[in-house]
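One-letter residues, chain by chain:
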Amino acid sequence: MATPVQQPPQSSGGKRKGKAQYVQAKRARRCDGGGPRQLEPGLQGILITCNMNERKCVEEAYSLLNEYGDDMYGPEKFMDKDQQPSGSEGEDDDVEAALRKEVGDIKASTEMKLRRFQSVESGANNVVFIRTLGIEPEKLVHHILQDMYQTKKKKTRVILRMLPISGTCKAFLEDMKKYAETFLEPWFKAPNKGTFQIVYKSRNNSHMNREEVIKELAGIVGSLNSENKVDLSNPQYTVVVEIIKAVCCLSVVKDYMLFRKYNLQEVVKSAKDPSQLNPKQPAQAGNGKEAKLESGDKSNENDPAEGKNQQVVPENNEDLGQTKPRSEIQVVNEGGAKPELESQVTERSESNENDLSEEK
């Protein structure tokens, strides 16, 4: 049986390339970026969670970050092709003009690659990581959430949480301890101090222990300044620990509980309900509620007393005279006075005699 003879590839233009050539070209296009194309140690950026639509999440992230980034840091500057030097008008400088054009194209390509915000592969589903250059992620994200909290305007549909990442390291306990000793100094080293909590989240990682990581990081914060205290209800600082595969992302954020754990969907909801009321209205509403509660409490206190009066002494006209001392007895009895306990016993005995007389 004859084996098929492999023909040498033809170099004609009509033939399409082999599959291996397509795969190599695709890999080359994904790797030739200005900077890393996946999450790795040594990066700064913003970690964003979404709901089953990462492409739409990246679009919303670019739009939102560029809007607020331009407000804080000014518009991003690029060199237009029309503004690049195109050489002299004479025909003798064609070679020099071609070289200048090539150099300008290279500069423009590098500037486009090293943009202010660049999406990289995070290594987890429904998680997007936006690498940042030349900005402070924690200040930018705090500015975004503060504006949304005050204006009560919903600007995203797919983005859930937006966490700034001030630094990344290898997701091994010894590497994390060494990195955190210097990373946490700007916030917690004396004379700086504050209350704090540690928030831990791990994705696609099974060799890290949550309790062990939190214990080690809390010990580092305490060693930097003994006045740093843990506060889980309303801390001044929140240490965010996000582990994805073999990369640990760290950041220290403010107003973590106020901004609903940096959730863009919830921060708008939480801001709507109390902010729709004027500053005077909550007080009035609170006073009204307190007044209702007080009146309700008084009525509840009087209702059983009145019920007792109706059951105990239905015939006598001294109901009003009996309700007052009984209410006084009940109030003082909370202090535990013994003489009034005796008075209650005498009143109950009198009521029992009245009941017997009625039954007869």
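It should be noted that the structure appears before, not after, this text.
Residues numbered from 1 in each chain as written. Predicted model: local features only at pLDDT ≥ 70, side-chain atom pairs only at ≥ 80, totals over all residues. Heavy atoms only, no water.

Novice: Sorry if this is basic, but what is going on with unusual backbone geometry here?
Specialist: Excluding glycine, most residues fall at negative phi; most peptide bonds, likewise, are trans. Across the junction of A190 and P191, the peptide omega takes the value 10°, indicating a cis bond. One can find P191 in the loop between α6 (185-188) and β6 (195-203). Unusually for a residue other than glycine, M52 sits at a positive phi of about 65°. One non-glycine residue with positive phi stands out, namely K261, at about 60°. Note on K261: relative accessible area 44%, which makes it partly exposed. (Helix = DSSP H or I, 4+ residues; strand = E, 2+ residues; numbered from the N terminus. Buried < 20%, exposed > 50% of the residue type's maximum accessible area, 1.4 Å probe, protein only.)

Novice: What should I look at first to understand the pattern of salt bridges in this one?
Specialist: Two side chains bearing opposite charge may form a pair once their charged atoms approach each other closely. Across all of its chains, the model carries nine salt bridges by this definition. Between E67 and K155 there is a salt bridge; the shortest N-O distance is 3.3 Å. One end of the pair, E67, is in helix α2 (residues 54-73); the other, K155, is in the loop between α4 (137-151) and β4 (159-165), with 88 residues separating them in the sequence. The class of K155 is partly exposed, set by a relative accessible area of 32%. Ionic pairing is found between K269 and E266, a salt bridge with its closest N-O pair at 3.8 Å. (Salt bridge = Lys/Arg side-chain N within 4 Å of Asp/Glu carboxyl O.)

Novice: How should helix α7 (residues 210-224) be read in this particular structure?
Specialist: Its 15 residues place the ends of α7 22 Å apart at the C-alpha level, agreeing with the 21 Å of an ideal helix rising 1.5 Å per residue. All of the buried residues along α7 are V213, I214, L217, I220, V221 and L224. Axial view of α7: buried residues confined to an arc of 125°, hence all on one face. The outward face of α7, more than 90 degrees from its buried face, is lined by the exposed residues E211, K215 and S223. On the buried face of α7, the contacting elements are α5 (173-183), α6, β6 and β8 (237-244). (Expected span 1.5 Å × (residues − 1). Arc of directions from axis to C-beta. Contact = heavy atoms within 4.5 Å.)

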